[in-house]
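# Per-entry structural report
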Amino acid sequence: MKPQDLPIRDIKPLLPIPDISIYLTIGLGIVLVLIVTAGVIFFRKWWFAHRRRDPRIGWLKKLDGIDYDKPKEAAYLMTRYGRLLAEDKRREEILAQLLPRLERYKYKKEVPPLDEETKRYMQLFIEMCHDAL
């Protein structure tokens, strides 16, 4: 039998296939944005929890909070944190001039109030530390 003699069968038209690719793209985009946002939030929290903080800033805040009405406490705080903050030659010189002045306010039960020159030296040292940081 020749191909021309074969009976023609009924050919059905193509069925439409629903196209949902736009919905898949939008859905995947939203999921990707949510994942990236969550990742950024978690990374930011981790970063702020684990970053290294400069201890000099804390020491300088303690020096800023010195109560000059309590000379003994002020002398001890300035000696302790001053030694930690004196990192360059200029601050070391100011601290070297300040420490002998602070000696009379330490190691005694009763101490006189801070004199104005000692206060000025302390304030000068604190200002120099602010400028350096």
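In this text, all values refer to a predicted model and were calculated from it rather than measured experimentally.

So, how was this worked out
- Per chain, residues are indexed from 1 in the order of the written sequence.
- Restriction of local features to residues with pLDDT of at least 70 applies here, the model being predicted, together with a cutoff of 80 or more for giving and counting side-chain atom pairs; totals for whole chains, interfaces and linings are based on all residues.
- Side-chain descriptors were evaluated using all non-hydrogen atoms of the structure, hydrogens and water having been removed beforehand.
- Counting from the N terminus, the helices are DSSP H or I runs at least four residues long and the strands are E runs at least two residues long.
- The aromatic pairing rule takes the rings of Phe, Tyr and Trp, using the six-membered ring of Trp, and pairs them if the centres are within 6.5 Å, calling planes under 30 degrees apart stacked, those over 60 edge-to-face and the rest tilted.
- Note on geometry: axes are C-alpha line fits, over the in-contact stretch for helices, and angles between N-to-C directions span 0 to 180 degrees.
- Should an angle lie under 35 degrees it is considered roughly parallel, over 145 roughly antiparallel, and from 65 to 115 roughly perpendicular; all remaining angles are considered oblique.
- Two helices cross in a left-handed way if the nearer one is turned anticlockwise from the farther one by less than a right angle. They cross in a right-handed way if the turn is clockwise.
- We call two residues in contact whenever any of their non-hydrogen atoms come within 4.5 Å of each other.
- Gly is put with the polar residues, along with every residue not named as nonpolar or charged; the nonpolar set is Ala, Val, Leu, Ile, Met, Phe, Trp, Tyr, Cys and Pro, and the charged set is Asp, Glu, Lys and Arg.
- A 1.4 Å probe rolled over the protein chains alone gives each residue an accessible area, and that area as a share of the maximum for its type sets the label: buried under 20%, exposed over 50%, partly exposed in between.

### Points about unusual backbone geometry
In this structure, tyrosine 107 takes a positive phi of about 65° despite not being glycine. As for its position among the elements, tyrosine 107 is in the loop between α4 (89–102) and α5 (116–132).

### A word on the packing of aromatic side chains
Applying the stated rule across the entire model yields 3 aromatic pairs. Ring pairing ties together the aromatic residues Phe43, Trp46 and Trp47, which thus form one cluster.

### Details of the packing of helix α2 (residues 55–64) against α5
Where α2 meets α5, the axes come as close as 11 Å, and the angle between the chain directions of the two elements is 150°. Our classification of the angle between α2 and α5 gives roughly antiparallel. Regarding α2 and α5, the two cross each other, and that crossing is left-handed. On the side of α2, the interface is formed by Leu60, Leu63 and Asp64, while α5 contributes Phe125, Ile126, Cys129 and His130. Here the residues of the contact of α2 with α5 are counted per class, giving 5 nonpolar, 1 polar and 1 charged.

### Quick notes on the environment of proline 113
Relative to the elements of secondary structure, proline 113 occurs in the loop between α4 and α5. For proline 113, a relative accessible area of 65% gives the class exposed. Filtering out sequence-adjacent residues up to four positions away, proline 113 remains in contact with Pro71 and Tyr105.

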